[in-house]
Amino acid sequence: MWITPEEVLLANALWVSERANPFFILQRRKGHGKGGGITGLLVGTLDVVLDSSARVAPYRILHQTGDSQIFWSIACGSSRKEITGDWEWLEANLLQTLSIFDNDDDITTFVKGKISGIIAEENKSKQSQEDEDSSKFREAELKMRKLFGMPDEEKLVNYYSCSYWKGRVPRQGWVYLSINHLCFYSFLLGKEVTLVIQWTDVTQLEKNATLLFPESVRVSTRSTEHYFSMFLNINDTFKLMEQLANMAMRQLLDNEGFAVDRSLPKPCKTLKNVSTLKRDLDARAKNERYRALFRLTQDERLDGHTDCTLWTPFAKMHIVGQLFVSNNYICFASREEDLCQLIIPLREVSIVEKADSSSVLPCPVSISTKNKMNFLFANLKDRDFLVQRISDFLQRTPDRLWSDSNHLPLISPSGCSGLSSSLPPHLTSSSPLTAREPCQGGRHYHLGLPTATQGLLKIYQKDAPEDLGPKATKEKMKEESWNIHFFEFGRGVCMYRTSKTRELVLNGIPESLRGELWLLFSGAQNEMATHPGYYGDLVEQAMGRCSLATEEIERDLHRSMPEHRAFQNEMGIAALRRVLTAYAHRNPGIGYCQAMNIVTSVLLLYCTEEEAFWLLVALCERMLPDYYNTRVVGALVDQGVFEELTRECLPLLYEHMQDLGVISTISLSWFLTLFLSVMPFDSAVLLVDCFFYEGIKVIFQVALAVLHDNMETLLGCNDEGEAMTILGRYLDNVVNKQTVSPPIPHLHALLTSGDEPPPEIDIFELIKSSYEKFGSLRSDVIEKMRFTQRLKVIQSLEDTAKRSVVRAIMTESAFSIEELEDLYCLFKAKHIRSCYWGSSSTAAERHDPSLPYLEQYRIDLGQFSQLFGALGPWECGVHTVTLAARLFRLLDKNKDGLINFKEFVTGLSGMYHGDMTEKLKLLYKLHLPPALCPEEAESALEAAQFFTDDTPQESPFLSDLDFLAQQEVTSGEEDKDAGDDNGDGEDKKEEKVKDYKYYLRMWAKENEPRKESIKDIPRMNQEQFIELCKTLYNMFSQDPLEQELYHAIATVASLLLRIGEVGKKFTNNGSKKTDTNTPTQAPAPAPLLPDAEPEKEGCTGEGASGQSQVCKALAEAQLETSPQQTSDEEAKEDDTSVSSYSMVSAGSLQCEDLTDDTVLIGCGEQRRGSVMDGDWSITFEQVLASLLTEPDLVEYFEKKGGYQVKIAACKAQRGVERQTSSSSDHELAQHSV
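Since this is a predicted model, take the numbers as computed values, not measurements.

In this section: the overall build of the protein. Helix and strand counts for the protein come out as 48 helices and 27 strands. Residues counted as buried form 51% of the 1233 residues belonging to the protein. Accessible surface for the protein amounts to roughly 58,700 Å². Of this, 53% is attributable to carbon and sulfur atoms.

Right, here's the structure in full:
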């Protein structure tokens, strides 16, 4: 790599000169390569410990002139091959030119200018990514790829100096954090330590400080723990580790991470010594915090933030905080939590202007909205730039949002947004659901529906008499309090949100305002405003389609709040069906999950259909992430967080509850339904009020308060059932004494002890108690705990998946449980690597979480070939890749270019644990279609047509026995029908019915899986047989009994050729008899050459022709597998060359001369022009019988393969530590030859 010329004063310090000429010197760093002694060890250690460019470039080229003591560094390289290329270019292009110059200064100037020009030309062709990253970082990335064998697709995020604790000894080195791996490298006094950990293998990541490991980071996997310490900035490093591990968990959970990692946004400016990817990940983390803080949509991108003050008219004061600007919003958050928060959508902004600056109000900006609200921000550092950015965003804000109803943004199964005008193909069906409600103009959803304009509660309370009681009076007082709040703080999206707002929410939202405020606090109002007409069009596309989600929805519709009268008729059920079906169509990755029906039914009571739909979107995609997917990961994560909070806040109760196993049982239903399924409706809906304003923290608080209130009773429990009874009774009796709605019966069983009624618990007191005792919970702390638990939960689910797969396949495979688990880990690792290192198929095709565990992970031909080469027992040299491709095609039943784990184990099990017959059957099938592709056997199709001439209308997959049986059945039925022609009409009708049922039974019987017998295996033609012989020849090239096996296979091949010739005679004679009156369709036999000898004992010239083709093919196989050797090695093996080629040909010999002891040598020239014989064929039974005559072959195929050795070798490739002197020793050895 050419570098900008830099002056070097001490050219020989710590360097060894290897080549030199009058103008240039090629040097190698001491400590790199062979030798070096103690000086080399010290230099190598310093290069690793110190952050120096020499650590990355062990080779360099210096420019020198005459007697000058000043040298110029012009090139560096990480390998000898790289630096040698630069050296040879200098010698070929510059030496002759430099010899013309007379002045040394002119030579130096010319060299520097030439090198600078080369660098400039290279920079023009470099990618923008490389241009943005600093040269120092690019060197580190090259170092990482070279040390750990990473491809170019693996992107380095950042690297840090640290110590890795191996036992109690720290190894100082460098940790490299890439998108998919954590890598560590250290070289101290000749001892090299290399560590590679996949982020998908990390089960725990925590930062701690102990006496043994001061201020360290612990990275745990399933088998080991690794400690890293002595970071310069441990907090930044740990945050980056958390983010990368979290991305890896997303990869395991669904497809989202696979696509996102490759399309990260580019930065606006370049920072020194910081990678582009690191800046992008930092921006992503800021975006996530910004969206979570203000409940914004997933596509919102933070443009920037700045400190400022906001004038609050309700408090008559300036509040210090931060102003955030993104592509669609201007937001403000006070520095003091809950003091004030503000969200201003740009669609609502009418005027942005700079106000007059003064000493009291420096650099103010005034923002006016369409509903006549004014906001004054001051103390802005760069006011002009801020106003310009807001103006730019305002110009991009469309005036008419989503008015085109033909394009609906759907969420694909991988989580990425896209545009679609129809259902995906896999969700469509020709069997629509029966319409349950009349459609206006053919539409399922229209504004004429009662639920399109008001909530179900208002519809059913419309005709009720006005209540003038004390509860109704209190409800009106609440409404008046909110009206006063709206007047003072504003109403709608731009409302000031303060601690006063929270107080009103905790006191209960009036039923008349509940739907409006839920939309406001959840952020759903913004999405609904920017997507008018979206829900209606989505309903039209989703309704009438049949899928797994719609079937589950239909099953659960009548289980959704059946005690409420709004869902005891078709109006409420139809509205619920439309909302759930529309969301399942919008987000097929989630589709439908149990508990969604309960939550959605509550939303429909207080909101219109469209509002309920957008609230459901906010719940599933933002407020309760991953709660409602197929594995309810989000709920399991929060269950783990709840257990951790219980351990911290209620330690005594936690220990007792853990012994009983109660926490994990109760908390899942609490979180999934937000207490709606375990608490009376009127009480639980108040928790939903608090949830939409505060988020998940209020659910944790109330859950802790419930345990705290029942602590004494729970501590006296002796079993899980008793504890469940206590908590169930408690929650059943949480009442809302202020509700104005008619009482709704609670369907939970009445849990009482004796005749004494349980005490009632006021929901308002419970909420108040939760804030007093556990109000210190913070959302950011909960998010950190969620990250820790997410690692545990997802890895636990992966372990469960592994156990399920092993149990499912254990009975069908001869591998042990431990062996299957090892294979599953290797298969899954290969699948994941293929997803993030690029492949011909997309991630969505490779990983579908909705499939059974056995079929979720799939690999393509490239990954399968690598696994086959590492684990397969049949080592065939360069022919291994061809054999792997054939086995892949054989296992790929659905021809989609991917195989799952079950198919992979099926193929491997047959090779390792099958008996000799099973192994030979598999090997035989590898040389028949579909395993043998047309390019490898061009005449396979002709041979197949010949053998199926007698049955042109039958499926090629039916065996001969099946065909004969069907012919007998058909002929018998025809005779029977002919005999009944003279019978009466009723008998004919009964016979037809009988025949119809008989055919149905026959069809069902044919579809039943049956074990394949030897006779079911198709015949093999001559070209396929030659490919089989080539494979066998390559398999024996590394066996200790190589020569004996060669002799054996030569004898077997000759015997099978004679068997094929004899069989051809019978086939030809039979075809002549059957085709006397019809033209022959079989291909003509291969013509005899003029010099062919007469037939002797059944061996014709055609047989010799086939043998010559086998001989030529085997000769090619020998040439393929023979390794490159030096002249000395060739001379040594001259005496064994005859035996190595012993089975090359028998073309010059006649069949009767071939005996068991014959050695076939030399290919007759007269047979070289022969063509393949299309009439020749053999069966598997003949192959098996022939191989059984050779004891050496029998012993070879009956011996068990060394599976444990191969699996250990695969594990060793991911080993932690290796000892070497340098990574370039092999390069030096190659160049020294």
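So, next bit.
So, on to the pattern of salt bridges. Under the counting rule described, the total for this entry stands at 35 salt bridges. Across the salt bridge formed by arginine 559 and aspartate 556, the nearest N and O atoms sit 3.1 Å from each other. The exposure class assigned to aspartate 556 is buried, which follows from its relative accessible area of 3%. For the salt bridge of aspartate 709 with lysine 773, the shortest nitrogen-to-oxygen distance reads 3.6 Å. With aspartate 709 in helix 25 (residues 697-709) and lysine 773 in helix 28 (residues 763-774), this residue pair connects regions lying 64 residues apart in the sequence.

With that settled, the discussion passes to a positive patch on the surface. Taken together, Lys207, Lys239, Lys286, Arg289 and Lys784 make up a surface patch of like positive charges. Considering the arrangement of structural elements, one finds lysine 784 in helix 29 (residues 779-810). With a relative accessible area of 58%, lysine 784 lands in the exposed category.

In this section: the side chain of threonine 200. With respect to the helices and strands, the residue threonine 200 is situated in the loop between strand 9 (191-198) and strand 10 (204-208). Contact partners of threonine 200, with chain neighbours within four places excluded, come to Ala248, Met249, Gln251, Leu252, Gln795 and Ile832.

Each full turn of the α-helix corresponds to 3.6 residues, which orients residues three or four apart in the same direction. Compared with an ideal rise of 1.5 Å per residue, which puts 12 residues at 16 Å, helix 28 spans 16 Å between its outermost C-alpha atoms and is within 8% of the ideal. When we look at burial in helix 28, the residues that qualify are Ile763, Phe764, Leu766, Ile767, Ser769, Ser770, Tyr771 and Phe774.

Each aromatic ring pair is specified by the distance between its two centres and by the angle formed by the two planes. One pass over the full model with this rule turns up 45 aromatic pairs. Both rings, one in phenylalanine 137 and one in tyrosine 159, keep their centres 6.1 Å apart while their planes meet at 45 degrees; by these two values the pair is tilted. In this pair, phenylalanine 137 sits in helix 6 (residues 135-148) while tyrosine 159 sits in strand 6 (residues 156-166), placing the two residues 22 residues apart along the sequence. For phenylalanine 137, a relative accessible area of 2% puts it in the buried group. Look at tyrosine 159 and tyrosine 176: their rings are 6.1 Å apart centre to centre, the planes differ by 20 degrees, and that puts the pair in the stacked class. Within this pair, whereas tyrosine 159 is found in strand 6, its partner tyrosine 176 is found in strand 7 (residues 169-178), the two being separated by 17 residues in sequence. Residue classification places tyrosine 159 among the buried positions, given a relative accessible area of 11%. The ring of tryptophan 15 carries arginine 60 above its face, with NZ or CZ at 4.0 Å from the centroid. Sitting over the ring of tyrosine 606, arginine 514 keeps its end group 5.0 Å from the ring centre.

Angle between the axes and distance between the axes are the two parameters that describe a pair of packed helices. At a closest axis distance of 8 Å, the pairing of helix 25 and helix 28 adopts a crossing angle of 95 degrees. In terms of orientation, helix 25 lies roughly perpendicular with respect to helix 28. Contact residues: Val698, Gln701, Val702, Leu704, Ala705, Val706, His708 and Asp709 in helix 25; Leu766, Ser770, Tyr771, Lys773 and Phe774 in helix 28. The class makeup of the residues in the contact of helix 25 with helix 28 is 8 nonpolar, 3 polar and 2 charged.

Here the focus is the pairing of strand 18 (residues 365-369). Taking burial as the measure, the 5 residues of strand 18 include 5 buried ones, the bulk of the element. Along strand 18, one buried face is formed by Val365, Ile367 and Thr369 and the opposite face, lined by Ser366 and Ser368, is buried too. Across 5 bridges, strand 17 (residues 349-354) lies against strand 18 in antiparallel orientation. Note that in strand 18 the partner of lysine 354 across the bridge is valine 365.

As summarised here, the arrangement of the 5 strands in space is 1-5-4-3-2, forming an open sheet in which the pairing is antiparallel. Each edge of the open sheet carries a strand with a single partner, namely strand 1 (2-8) and strand 2 (15-20). Strand after strand, the sheet turns through a mean of 30 degrees between neighbouring axes, direction not considered. In the sheet, strand 3 (residues 24-29) pairs with strand 4 (residues 59-63) via 5 bridges, with the strands oriented antiparallel. The partner of phenylalanine 24 across the bridge, within strand 4, is histidine 63.

The next subject is the nonpolar core. If you look at the biggest cluster of nonpolar residues, it comprises 151 residues, and the most contacted ones within it are Phe377 and Tyr628. With sequence-adjacent residues up to four places away left out, tyrosine 628 is seen in contact with Ile590, Cys593, Gln594, Ala595, Met596, Val599, Cys620 and Leu672. Leu177, Val217, Phe904 and Met916 belong to the second-largest nonpolar core, a separate cluster that totals 110 residues.

When pLDDT is averaged along the protein, the result is 76; 71% of the residues meet or exceed 70. A low-confidence stretch, residues 257-272 (pLDDT under 50), is modelled with 33 contacts involving residues beyond four sequence positions or located in other chains. Note on residues 939-993: pLDDT is under 50 here. Beyond four places in sequence and across chains, it has 36 contacts.

Attention now moves to unusual backbone geometry. The omega torsion across proline 929 and proline 930 is 5 degrees, close enough to zero to call that bond cis. Here proline 930 shows up in the loop between helix 36 (916-925) and helix 37 (940-947). Within the chain, lysine 372 stands out as a residue other than glycine whose phi angle is a positive 70 degrees. Inspection of the secondary structure puts lysine 372 in the loop between strand 18 and strand 19 (374-378).

This paragraph deals with a negative patch on the surface. A cluster of acidic residues, Asp102, Asp104, Asp105 and Asp106, forms a negative patch at the surface. The topology assignment puts aspartate 102 in the loop between helix 3 (95-98) and helix 4 (104-125). Aspartate 102 sits in the exposed class, given a relative accessible area of 78%.

Once that is clear, we can look at the sheet that holds strand 15 (residues 329-334). Strand pairing in a sheet relies on backbone hydrogen bonds, with the paired strands running either antiparallel or parallel. The 7 strands are arranged 16-15-14-13-19-18-17 in an open sheet whose pairing can be described as antiparallel. On the outer flanks of this sheet lie strand 16 (341-345) and strand 17, each paired with one strand and no other. The average undirected angle you get between the axes of adjacent strands in this sheet is 30 degrees. Contacts from helix 9 (residues 276-294) reach strand 13 (302-312), strand 14 (317-326), strand 15 and strand 16 within the one sheet, and its direction differs from that of strand 15 by about 80 degrees.

Reading the values: rules and limits
- Residues numbered from 1 in each chain as written.
- Predicted model: local features only at pLDDT ≥ 70, side-chain atom pairs only at ≥ 80, totals over all residues.
- Heavy atoms only, no water.
- Helix = DSSP H or I, 4+ residues; strand = E, 2+ residues; numbered from the N terminus.
- Buried < 20%, exposed > 50% of the residue type's maximum accessible area, 1.4 Å probe, protein only.
- Areas by Shrake-Rupley, 256 points an atom, 1.4 Å probe, with all protein chains shown as cover.
- Salt bridge = Lys/Arg side-chain N within 4 Å of Asp/Glu carboxyl O.
- Patch = residues over 30% accessible without salt bridge, like charges linked within 9 Å, V, L, I, M, F, W, Y side chains within 5 Å.
- Lys, Arg positive; Asp, Glu negative; His and termini not counted.
- Charge placed at Lys NZ, Arg CZ, Asp CG, Glu CD.
- Contact = heavy atoms within 4.5 Å.
- Expected span 1.5 Å × (residues − 1).
- Phe/Tyr/Trp six-rings, centres within 6.5 Å; stacked < 30°, edge-to-face > 60°.
- Lys NZ or Arg CZ within 6 Å of the ring centre and 35° of its normal.
- Axes fitted to C-alpha atoms, helices over the stretch in contact; angles between N-to-C directions.
- Parallel < 35°, antiparallel > 145°, perpendicular 65-115°, else oblique.
- Nonpolar A, V, L, I, M, F, W, Y, C, P; charged D, E, K, R; others polar.
- Pairing = 2+ DSSP bridges.
- Core = buried A, V, L, I, M, F, W, Y, C linked by side-chain atoms within 4.5 Å.
- pLDDT = per-residue confidence, 0-100.

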